[in-house]
Structures are given as C-alpha cells and as structure tokens.
Amino acid sequence: MTDVSIKVTDLTLRFPVYGVDAKSLKKNLARVTVGGRLGASTTGATEVTALSHLNLNLRAGDRLGLIGHNGSGKTTLLRALSGAYEPDEGQIEVRGRIAALLDLSLGIDPSATGVDNIRLRGRIAGMSSKEIEDKMDEIAEFSGLGPFLAMPMKTYSAGMQARLAFAVATAVEADVLLMDEWISVGDADFQKLAHRRLLNLVERAGILVLSSHDAGLLRLYCNKVMRLEGGVASEVKDIRRLDELLAAA
Amino acid sequence: MESGQHMLRTGRRGTLFEFSMALRDLVTSYHRRGLAWSLAWHDVVSRYRGSILGPFWITISMGLMVLGIGLLYAKLFGISVAEFMPYVAMGIVFFGLMAGTINEGCETFVQASSMLSQTSLPMFTFIWRTVLRNLINLAHHAVIIVAVIIFFGLWQVMDVLPAMGGLLLTIINLAWISMLVAIASARFRDIPQFVMSVMQFAIFMTPVFWKPDAFPDRHAFLTLNPFYHMLTTIRAPLLGQEADGLSYVILAIMAVLGWALTFSVFAITRRRIVHFL
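Read on for a plain summary of the structure. (Residues numbered from 1 in each chain as written. Chains lettered and ligands numbered in written order. Predicted model: local features only at pLDDT ≥ 70, side-chain atom pairs only at ≥ 80, totals over all residues. Heavy atoms only, no water.)

1. A closer look at the pattern of salt bridges
In a structure, side chains of opposite charge can pair up when their charged atoms sit close to one another.
Here is step 1: Considering all chains together, one arrives at 20 salt bridges over all chains under this definition.
Here is step 2: A salt bridge links Arg-14 of chain A to Glu-89 of chain A, with the shortest nitrogen-to-oxygen separation between them at 2.6 Å. Residue Arg-14 of chain A is located in strand β1 (residues 5–17), and its partner Glu-89 of chain A is located in strand β4 (residues 89–95); the two are separated by 75 residues in the primary sequence.
Here is step 3: A relative accessible area of 29% places Glu-89 of chain A in the partly exposed class.
Here is step 4: The shortest N-O distance in the salt bridge between Arg-119 of chain A and Asp-116 of chain A comes to 3.5 Å. Of this pair, Arg-119 of chain A and Asp-116 of chain A both sit in helix α3 (residues 114–124), three residues apart, which is roughly one turn of that helix.
Here is step 5: Among the charged side chains, a network of salt bridges with common partners joins Glu-86 of chain A together with Arg-9, Glu-18, Arg-270 and Arg-271 of chain B. (Salt bridge = Lys/Arg side-chain N within 4 Å of Asp/Glu carboxyl O. Helix = DSSP H or I, 4+ residues; strand = E, 2+ residues; numbered from the N terminus. Buried < 20%, exposed > 50% of the residue type's maximum accessible area, 1.4 Å probe, protein only.)

Take a look at the structure:
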C-alpha cells in the first residue's frame, strides 16, 4: 500500500484520425495501385496531439484536480492513466490497483437486471466472482435500489443507473481512483451518500485524479490541481492556488 | 508483471519489445480467463433473454435444415438416408462453428471499443470471448450430433479420439483466423462484408451438403480448402471412417503458421488498434 504511485514521464499521445474514407479498403488499395499520384492528401492519417510532453508525479495522499477547457486533454489523460493507450513517447507507470470511473455505461447491458450488471461490471473492474458475491449485499444496499435490482437496467432512470454504476465502481478496493466529472449525478440524498463514500474511498485509495469544471467540487476533494491546455500541462499546484490557474485562462 | 497492481505503458519501440508486450497481453488474458468466460456467457444469455428456448432456437432451425436436406438430398443423390443424414448433420453443425467464429470475429474489437478505450483489459480477452461464445453455441447444437449418433447407431463405429483431435486443431485455427479478421475489421470497415461473402461461398465449396466422392483422393479442390480439412478431421471419425492423416498435418502446419502471422500482426498493430475504433 505504501508504494502507491503514479509516475508519468514526458508523455506524448498522438491520435491518428482515420477519416471515414480512410477506413475503406478501396482507398488504401487505390493508393497502392496508383502509387504516389493521389498525392499527399490521401496518404496516412492526420494526427492530433492530445497530450504533449506531460510530466506528473503523484504519491499516496495526493488528490489531483484536472482543469481545462473541453478538448484540453483531461479525459485523454485519465484514460491513459487507466492503461487504455500506449504512449507515443514517454512512459506511464502506475503502482496500485486502478479504479477508473470514467464512463457510467461501461459494460452495462440495458436488458440485463441490476444484479447481473453488478456482476458484469465487477468482473470488468477486475473483481473475482467470489469478491463480487461477498460485496453484493453491500453494493445492493448502497445503491438503494432494493427490488429494482431484479429489474432490467433499461427500466431505470438515468439517476438510478448512475447509482448502480457508482455503487459497483466504488466497491472495488482501489489504490488509485480516476474520475471524470460525474459525481454530480443522482438526487440530493444520493449525492450526500456518494460524497461520504468517496471521501472514505479517497482516504483508503491513496491517489485520486479527478477532472472537473466545478471549482467548488475540486476544492472539496482535491489538494492539488493541474491545468491542461491543448494537451500541455501546467505545473501541479496546491489547491489553494486554484484561482490563479483559473484566472490564467 | 501486470498483476493489477502495476501498470506500465511506454513509448518504447523495437521489434523485440513489441513482441514481448503482445506476449504479455496474451499472458494477462490467460490470468483473467474468467473474465472472457463471463463475457461470453453473458453474450449468450443476453442475446436470448426473454426467450424460453434461447440458443436452442438456432439448434431447432439447424435440426430442421438437417432433416430437410438430409431427406431431400439423399433422394436426389440416391444415397441412403442412414448414410447421408448424419453426414449432413455434422457438416451443418461444425461448419456453423467455423462460420460463426470467423464472422463474429469481425465484430470482436469494434464491439469492445468502449471497454478498450478506457480500461487496460488485455485485447486477447475479447478474442477468447468470441471463441468461447461460439463454443457455448456449439455445445447447444451438439444435441443434433448426439441425436444422429444415437438414432443411426453410430456409437458402435465412431472413433471419438481423432474427432476430438480434429476439433481441437480446428478451434486453434479458427481462433487465429478470428483474431486476424478482428484486427483487419477494426481498421477497414469493408472487411466484415468481405469475410461474410467468403464464408457464404465456402459453405457451398466445402463438402458440407455434398459428398466429395466425385473427386479423386487429395484433389487440389479439396486439399486447398482449409475448411475441408477442419470438417473432415472431425466428421469422418464420428462417422466411423478414417480421416486422411494429411488433413491433420495440414491443420497443424496451418495452426503454427497462422498463429505466427496473426501474432506478428497483433504485435505490430497492438498500440494502434484502440485508435482504429
């Protein structure tokens, strides 16, 4: 537990954007047969640099808030930290069990029941069947969905879905918690519950990385903050200097 | 290394490194084989949710086809039903496994795009998911096989061991084909259509509904068709005949070469696949 850490060194991520046409085999075959005549416009994919030379070091107890405009690379960074992307340059190293709460609908099958979805999502999050069964009661209770757990997810409201997803996702024994702005789901009661559970989790977790546009929320959960702009990161600053970073916009 | 406790992603390149990362993906998928199984099982359950007979509907439709074709073609070709019906039954069921695993392979990564783009799950997990799902379906359709074996008394003559060997070799080969089309389909969206056409063509070019007696032994038309070898190594022993040893050899060579090719393609494209989606 003590060596929970996130270490990102000189991370650069480029996304090749394959145009709709570029996915067609014909275009590629045409390129081969016609040789270079089609010109540069059709060769290869355009690349978007999503993150550029980013450095980040976090240790147990760090709770980092990510701020930045839409498309500044916050979600990309979170996904990269969850291990979905291979860097083009640099390196990402995360020690500790990662729990990523990036997408509520991940692994959710709308036609399956709540209980089935808890099992499925738990499996995807890396829990064993036994772990899930052990935690089933706790998850069910926290979700507050009661008899609805035996109903298909498609009968749930968005808020109920969020409750369930949140309950499962936060049931994981995580050392590193990655969150994309979405804790603000559910009604007021649930938000209070969620808040308590999150604080609890964060205390246990060691590291939290939270992306948000809500300064109040960031002050509540984070002790450090970093600003992303066009894939370039600012220095990591103390949360008390959040206004400074916001003003820099 | 990837124990869930330690995650390392680097921009390091180099052929050897890419291969070792691809290998790590494979090893991780083995450690988390329970997940592939859960996903496959969930796929089957969810596809047929609310239906009483579930996957047995496909079994029933296959059974009807077996009955119809078995009776009609036996008459047309002038072969006895007792000889032709089990032949067609096994042909349809096992070709169903081949077509299913390969056709659904096209969707493997495309369907898993949301999971691949926000988790560090091994990519091989999704390959196993497709293969396992088709094996679960096969287990349902096996009812037809068991029925013809009992009804036509094949249990007296059949030789299970070589058939199992043939099935194993077939599955190993189907897995790499499935993975290869999965990668190709992620990149080029024409591939699924292409694969479907090929498989449709293959069902008529492979002795599924007809007997290859018209061809001399080891005729190129049969020898060059991989599906012929897959089918014959499973079916012939179950019918109490001996499959040509050459077919087993060809399947084994194909498995080795095919996996070498597929694994290389995977090693090279691995870091790009998530961006294809």
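2. Observations regarding the interface of chain A and chain B
Here is step 1: Taken together, the contact pairs 46 residues of chain A with 39 residues of chain B.
Here is step 2: Buried surface at the junction of chain A and chain B, summed over both partners, amounts to about 3,500 Å²; 50% is from carbon and sulfur atoms.
Here is step 3: Scanning the region where chain A abuts chain B turns up four salt bridges.
Here is step 4: One salt bridge connects Arg-270 of chain B with Glu-86 of chain A, and the closest N-O pair in it is separated by 2.8 Å.
Here is step 5: Seen at the junction of chain A and chain B, the total is 12 residue pairs in polar contact (both at pLDDT 80 or more).
Here is step 6: Listed by contribution, the elements that provide at least two residues to the side of chain A that touches chain B are β1, α1 (25–34), α2 (74–82), β4, β5 (98–101) and α3 of chain A.
Here is step 7: When residues of the side of chain A that touches chain B are assigned to their parent elements, the largest contribution, seven residues, is made by β4 of chain A.
Here is step 8: Here β4 of chain A runs beside strand β1 (residues 6–10) of chain B; their pairing, made up of five bridges, is antiparallel. The partner of Ile-92 of chain A across the bridge, within β1 of chain B, is Arg-9 of chain B. (Contact = heavy atoms within 4.5 Å. Buried area = accessible area lost by both parts, 1.4 Å probe. Polar contact = N/O pair within 3.5 Å; in protein donor to acceptor, adjacent residues only side chain to side chain. Pairing = 2+ DSSP bridges.)

3. Considering the layout of surface pockets
Here is step 1: Considering only enclosed or pocket space, the largest pocket measures out at about 750 Å³ in volume.
Here is step 2: As for the largest pocket, its lining consists of 37 residues, of which Ile-98, Ile-124, Ala-125 and Gly-126 of chain A together with Arg-32 of chain B are closest to the centre.
Here is step 3: Those elements giving two or more residues to the lining of the largest pocket turn out to be β5 and α3 of chain A together with β1, α1 (15–31) and α2 (33–47) of chain B.
Here is step 4: If one sorts the elements of the lining of the largest pocket by residue count, β5 of chain A sits on top with four residues.
Here is step 5: Residues belonging to the lining of the largest pocket are distributed by class as follows: 16 nonpolar, 14 polar and seven charged.
Here is step 6: One number sums up the size of the second largest pocket: a volume of about 550 Å³.
Here is step 7: Counting only elements with at least two residues in the lining of the second largest pocket, the list comes to α3 (56–77), α4 (81–105), α7 (124–151) and α9 (191–205) of chain B.
Here is step 8: For the lining of the second largest pocket, the element with the highest residue contribution is α4 of chain B, accounting for nine residues. (1 Å grid on protein atoms, 1.4 Å probe; cavity = no way out; pocket = protein on both sides within 12 Å on 5 of 7 lines; lining within 4 Å. Points joined across faces, edges and corners; volume = space filled by probe spheres on them. Nonpolar A, V, L, I, M, F, W, Y, C, P; charged D, E, K, R; others polar.)

4. Re α7 of chain B
Residues and elements named next belong to chain B.
Here is step 1: Taking 1.5 Å of rise per residue, 28 residues should cover 40 Å, and α7 covers 40 Å from first to last C-alpha, within 8% of that figure.
Here is step 2: The principal kink in α7, of about 35°, is found at His-140.
Here is step 3: Once α7 finishes, Gly-153 follows within two positions and takes phi at roughly 65°, a positive value. (Expected span 1.5 Å × (residues − 1). Bend = angle between axes of the 7 residues up to and from the residue.)

5. Section: the pairing of β4 of chain A
Regular strands place their side chains on alternate faces of the sheet.
Here is step 1: Relative to β4 of chain A, β1 of chain A runs antiparallel, the two being bridged by six bridges. Each residue of the ladder has a partner; that of Ser-5 of chain A, found in β4 of chain A, is Arg-95 of chain A.

6. Describing the packing of aromatic side chains
Residues and elements named next belong to chain B.
Here is step 1: For the structure on display, the rule yields 18 aromatic pairs over all chains.
Here is step 2: Seen in terms of ring centroids, Phe-19 and Phe-263 are 6.1 Å apart; in terms of plane orientation they differ by 45°. Their pairing is tilted. With Phe-19 in helix α1 and Phe-263 in helix α12 (residues 245–276), this pair connects stretches of sequence that are 244 residues apart.
Here is step 3: For Phe-19, a relative accessible area of 29% corresponds to the partly exposed category.
Here is step 4: Assessed through its relative accessible area of 16%, Phe-263 is described here as buried.
Here is step 5: A ring pair is formed by Phe-215 and Phe-221, whose centres lie 5.0 Å apart and whose planes are at 15°; its orientation type is stacked.
Here is step 6: An aromatic cluster of at least three residues, connected via ring pairs, comprises Phe-19, Phe-124, Trp-128, Trp-259, Phe-263 and Phe-266.
Here is step 7: It is Lys-211 that lies over the ring of Tyr-87; its NZ or CZ is 4.8 Å from the centre.
Here is step 8: Above the ring of Tyr-87, the side-chain terminus of Arg-235 is found at 3.6 Å from the ring centroid. (Phe/Tyr/Trp six-rings, centres within 6.5 Å; stacked < 30°, edge-to-face > 60°. Lys NZ or Arg CZ within 6 Å of the ring centre and 35° of its normal.)

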